Amino acid sequence: CGAELNASLWGRRRAAELGLPRYDETRKAFFALAQVIGVAGLRKTTAKRLVAPNDAFMTWRVPDGVAGRELALIRDLPRILTSLVADRRYSRLVAFGHSDLFTDNAFVERMAWGELKLGLFDWQQATANNVGQEWAWNFHFLPPEFLTAHEDGFIELLLQTWRRQGHIVERAEFCEAYALGALQMYVFSGGSMPTLAKKLHARGLWTSLRPGDARCADASLPRESVELLVGAELTRRAFTNACNIMQRHGFAKAWARWRE
């Protein structure tokens, strides 16, 4: 359904004619915030030098070609995300999107005749965006092992859906933008993790935290502690997925081409 939404309004020129906002135009403040947070904590996260050891929870592996280049990544983040939607070389991949297509922004209704219909709400982030970045964002809170197992099928479904609607997107073209678009989660979630770890450690929760920790969903802890646990789990997923996407789809080479 999200891919059909993209196909319903495809093209940067068409979006401009309708007065739709561009992704980068609505995210300038967020890009600046991500850069500040990234400077504060990204290097600690990539090196796994957080407040105390917890190898079981730190499931990420920094992609090839980016270790030690955190400041360059942070500097390039707004320019990369802007170019994905503004530059001519990526213009074939610009389409309308919800930009926050998670299950908590969707509802499913069983019609009287048995058909199942999907609806979406929380549209305030909807923009014209590069579909590579759009889907990197939509996938980033999935359990990393689930995304790793099913990503190939997800991408093929997107490409097939767009093709049926008359929009031919080459897989390599999509995957390059998808890898570049993952940089947003890499910088923001990687920069955020040290602060979350420090707060959890102060409550005696950091070293016992595990992926998919059951305490995120039970009533064993105070609400404030549960919020921190959930925040850490979502941040772990986002950063691990960003690393995996960037590794699987050759971010370092795509970044080098972009800089050229």
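Nothing here was measured: the structure is a model prediction, and the numbers come from that model.

Some points on the overall build of the chain
Phase 1 of the analysis: For the chain, the helix and strand inventory stands at 11 helices and 4 strands.
Phase 2 of the analysis: For 260 residues, the compact-globule estimate of 2.2 N^0.38 gives 18 Å, and the chain sits close to it at 19 Å.
Phase 3 of the analysis: With respect to the three principal axes, the spread of C-alpha positions in the chain is 55 × 55 × 30 Å.
Phase 4 of the analysis: In the chain, which comprises 260 residues, the proportion classed as buried is 49%.
Phase 5 of the analysis: Across the chain, every contact between residues at least 6 apart in sequence was considered, and the portion connecting residues at least 24 apart equals 79%.
Phase 6 of the analysis: A total of about 12700 Å² of accessible surface is found on the chain, and carbon and sulfur atoms cover 55% of it.
Phase 7 of the analysis: Computed over 34 positive and 28 negative side-chain charges, the separation of the two mean positions in the chain equals 6 Å.

Brief notes about the side chain of S225
Phase 1 of the analysis: Its location among the elements puts S225 in helix α10 (residues 223–248).
Phase 2 of the analysis: Classification of S225 by relative accessible area gives buried; the value is 5%.
Phase 3 of the analysis: Other than its neighbours up to four places away in sequence, S225 contacts R203 and L205.

Looking at the nonpolar core
Phase 1 of the analysis: Within the largest apolar cluster, 66 residues are counted, with the highest numbers of intra-cluster contacts made by W162, F174, L183, Y186, W206 and F251.
Phase 2 of the analysis: The contact partners of Y186, leaving out residues within four places of it in the chain, are L42, T46, V62, P63, V66, L73, G191, F239, A242, C243 and M246.
Phase 3 of the analysis: Core analysis: the next-biggest nonpolar cluster, separate from the first, contains 8 residues, L5, A15, V94 and F96 among them.

Quick notes on the environment of E134
Phase 1 of the analysis: Here E134 lies in helix α6 (residues 131–139).
Phase 2 of the analysis: For the pair E134 and E145, spaced 11 residues apart in sequence, the C-alpha to C-alpha distance is 20 Å.
Phase 3 of the analysis: Each residue touching E134, except ones within four places of it in the same chain, is listed here: N6, G97, H98, S99 and N129.
Phase 4 of the analysis: Among the polar contacts listed, one links the side chain of E134 to the side chain of S99, at a separation of 3.2 Å.

Topic: the packing of aromatic side chains
Phase 1 of the analysis: Under the criterion given, the structure shown has 16 aromatic pairs.
Phase 2 of the analysis: Taking 5.5 Å as the distance between ring centres and 70° as the angle between the ring planes, the aromatic pair formed by W10 and W162 counts as edge-to-face. With W10 in the loop between α1 (2–8) and α2 (12–17) and W162 in helix α7 (residues 144–164), this pair connects stretches of sequence that are 152 residues apart.
Phase 3 of the analysis: On the basis of relative accessible area, W10 is assigned to the buried category, the value being 15%.
Phase 4 of the analysis: Aromatic pair W60 and F239: ring centres 5.4 Å apart, planes at 80°, arrangement edge-to-face. Here the residue W60 occupies a position in the loop between α4 (28–46) and α5 (70–86), and F239 occupies one in helix α10, the gap between them amounting to 179 residues.
Phase 5 of the analysis: Residue class for F239 comes out buried when judged on its relative accessible area of 0%.
Phase 6 of the analysis: Among the aromatic residues, ring-to-ring pairing joins W10, W135, F139, F146, F154, W162, F174 and Y178 into one connected group.
Phase 7 of the analysis: The ring of F57 has R236 sitting right over it, with the charged end atom 5.8 Å from the ring centre.

Observations concerning α10
Phase 1 of the analysis: With 26 residues, α10 extends 37 Å between its outermost C-alpha atoms, agreeing within 8% with the 38 Å of an ideal straight helix rising 1.5 Å per residue.
Phase 2 of the analysis: Looking one or two places after α10, you find G250, whose phi comes out positive at around 65°.

Looking at the packing of α5 against helix α11 (residues 251–259)
Phase 1 of the analysis: At a minimum axis separation of 12 Å, α5 and α11 run at an interaxial angle of 70°. On the basis of the axis angle, α5 is roughly perpendicular to α11. Across the interface between the two elements, A72, L73, R75, D76, R79, I80 and S83 of α5 pack against F251, W255, W258 and R259 of α11.
Phase 2 of the analysis: The class makeup of the residues in the contact of α5 with α11 is 6 nonpolar, 1 polar and 4 charged.

Calculation criteria
Residues numbered from 1 in each chain as written. Predicted model: local features only at pLDDT ≥ 70, side-chain atom pairs only at ≥ 80, totals over all residues. Heavy atoms only, no water. Helix = DSSP H or I, 4+ residues; strand = E, 2+ residues; numbered from the N terminus. Rg over C-alpha atoms; globule rule 2.2 N^0.38 Å. Buried < 20%, exposed > 50% of the residue type's maximum accessible area, 1.4 Å probe, protein only. Contact = heavy atoms within 4.5 Å. Areas by Shrake-Rupley, 256 points an atom, 1.4 Å probe, with all protein chains shown as cover. Lys, Arg positive; Asp, Glu negative; His and termini not counted. Charge placed at Lys NZ, Arg CZ, Asp CG, Glu CD. Core = buried A, V, L, I, M, F, W, Y, C linked by side-chain atoms within 4.5 Å. Polar contact = N/O pair within 3.5 Å; in protein donor to acceptor, adjacent residues only side chain to side chain. Phe/Tyr/Trp six-rings, centres within 6.5 Å; stacked < 30°, edge-to-face > 60°. Lys NZ or Arg CZ within 6 Å of the ring centre and 35° of its normal. Expected span 1.5 Å × (residues − 1). Axes fitted to C-alpha atoms, helices over the stretch in contact; angles between N-to-C directions. Parallel < 35°, antiparallel > 145°, perpendicular 65-115°, else oblique. Nonpolar A, V, L, I, M, F, W, Y, C, P; charged D, E, K, R; others polar.

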